[in-house]
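Report on the structure
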Amino acid sequence: DAKTTQPPSMDCAEGRAANLPCNHSTISGNEYVYWYRQIHSQGPQYIIHGLKNNETNEMASLIITEDRKSSTLILPHATLRDTAVYYCIVISGGTSYGKLTFGQGTILTVHP
Amino acid sequence: KAGVTQTPRYLIKTRGQQVTLSCSPISGHRSVSWYQQTPGQGLQFLFEYFSETQRNKGNFPGRFSGRQFSNSRSEMNVSTLELGDSALYLCASRPQGITEAFFGQGTRLTVV
């Protein structure tokens with residue numbers, strides 16, 4: 001699975017959009033981009049995933065660049081409860097879904 | 001629907017002892033994965049079981065082992081505990097055909 005690079009930390013004001021970038025320049029054509037988050041002392045939580053098209057669900061939006069070398073997770077209206085570590089993971093599919101490779105992630109702090 | 005249940009939530013053991021942690025996946029989920037989380041190494045994959053068979057294995061010593069029962073419940077065992085085994089151990093389950101993993105709250109193991 002391709003390696004990902006994320007900024008170690010980011011800040012966001014409550015009510016504003018939080019845009020979390022992820023670089024995955026070595027991603028191959030059949031690899032998906034997944035986002036999970038981990039709120040302090042809890043297990044990680046799935047947020048969203050995509051292959052090449054932009055995706056949106058009730059939690060977030062995922063924007064993947066046309067060359068697929070980077071992506072951005074967007075939390076449209078961040079709340080204090082969105083303060084967490086956000087992980088961007090590239091998965092090649094098949095049995096890899098059961099073997100997630102977490103990097104250091106981005107610590108997002110949402111301020112009042 | 002009940003989530004992934006891990007027991008016990010907290011555990012204190014002495015160096016040299018062994019420990020068994022339990023994970024009950026969400027009903028109907030056949031894949032169970034285990035992860036270790038420490039401040040220094042982050043979240044690291046231990047192993048994955050599917051239909052009672054180990055399907056993936058991470059880079060951990062043989063002191064770490066696991067198994068899965070016919071009802072999909074899983075246990076992991078760590079023998080000859082070392083201080084460095086102190087960590088949050090997380091279990092995740094996934095239904096067949098679905099790519100998102102659902103994590104439990106974890107078991108916090110402290111080795112003294």
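A few points on the structure.

A word on the overall build of chain B
Assigned secondary structure in chain B consists of 0 helices and 11 strands. Reading chain B from its N end, one meets helices and strands in the order β-β-β-β-β-β-β-β-β-β-β. Relative to its length of 112 residues, chain B is compact, with a C-alpha radius of gyration of 13 Å against a globular reference of 13 Å. Oriented by its inertia axes, the alpha-carbon framework of chain B measures out at about 40 × 25 × 25 Å. Counting only residues that meet the buried cut, chain B has 52% of its 112 residues in that class. Of all intrachain contacts in chain B linking residues separated by at least 6 positions in sequence, the fraction that spans at least 24 positions is 53%. If you sum the accessible surface of chain B, you get close to 5300 Å²; carbon and sulfur atoms cover 48% of it. Distance between charge centres in chain B, computed from 12 positive and 6 negative side chains, equals 3 Å.

Details of the packing of aromatic side chains
Tallied over the entire structure, the rule returns 11 aromatic pairs over all chains. Between Tyr87 of chain A and Phe102 of chain A, the ring centres sit 5.0 Å apart and the planes meet at 85°, which makes this aromatic pair edge-to-face. Linking Tyr87 of chain A in strand 8 (residues 84-91) with Phe102 of chain A in the loop between strand 8 and strand 9 (106-111), this pair joins segments that are 15 residues apart in sequence. Note on accessibility: Tyr87 of chain A and Phe102 of chain A belong to one class, buried. Pairing Phe47 of chain B with Tyr49 of chain B gives two aromatic rings, centres 5.7 Å apart and planes at 70°, and the pair type is edge-to-face. With relative accessibility at 1%, the residue Phe47 of chain B sits in the buried group. Connected via pairs of aromatic rings, a cluster forms that spans Tyr34, Tyr36, Tyr46, Tyr87 and Phe102 of chain A together with Tyr35, Phe45 and Phe103 of chain B. Positioned over the ring face of Phe50 of chain B is Arg55 of chain B, at 4.4 Å from the centre of the ring.

A short note on the interface of chain A and chain B
Tallying the contact residues gives 17 residues for chain A and 19 residues for chain B. Contact between chain A and chain B buries roughly 1600 Å² in total, counting both sides, with carbon and sulfur atoms accounting for 52%. The tally of links from chain A across to chain B stands at 0 salt bridges. Here chain A is connected to chain B by 4 residue pairs in polar contact (both at pLDDT 80 or more). Counting residues per element, the side of chain A that touches chain B draws most heavily on strand 3 (residues 32-38) of chain A, at 3 residues. Classifying every residue of the side of chain A that touches chain B gives 8 nonpolar, 8 polar and 1 charged.

Reading the values: the criteria
- Residues numbered from 1 in each chain as written.
- Chains lettered and ligands numbered in written order.
- Predicted model: local features only at pLDDT ≥ 70, side-chain atom pairs only at ≥ 80, totals over all residues.
- Heavy atoms only, no water.
- Helix = DSSP H or I, 4+ residues; strand = E, 2+ residues; numbered from the N terminus.
- Rg over C-alpha atoms; globule rule 2.2 N^0.38 Å.
- Buried < 20%, exposed > 50% of the residue type's maximum accessible area, 1.4 Å probe, protein only.
- Contact = heavy atoms within 4.5 Å.
- Areas by Shrake-Rupley, 256 points an atom, 1.4 Å probe, with all protein chains shown as cover.
- Lys, Arg positive; Asp, Glu negative; His and termini not counted.
- Charge placed at Lys NZ, Arg CZ, Asp CG, Glu CD.
- Phe/Tyr/Trp six-rings, centres within 6.5 Å; stacked < 30°, edge-to-face > 60°.
- Lys NZ or Arg CZ within 6 Å of the ring centre and 35° of its normal.
- Buried area = accessible area lost by both parts, 1.4 Å probe.
- Salt bridge = Lys/Arg side-chain N within 4 Å of Asp/Glu carboxyl O.
- Polar contact = N/O pair within 3.5 Å; in protein donor to acceptor, adjacent residues only side chain to side chain.
- Nonpolar A, V, L, I, M, F, W, Y, C, P; charged D, E, K, R; others polar.

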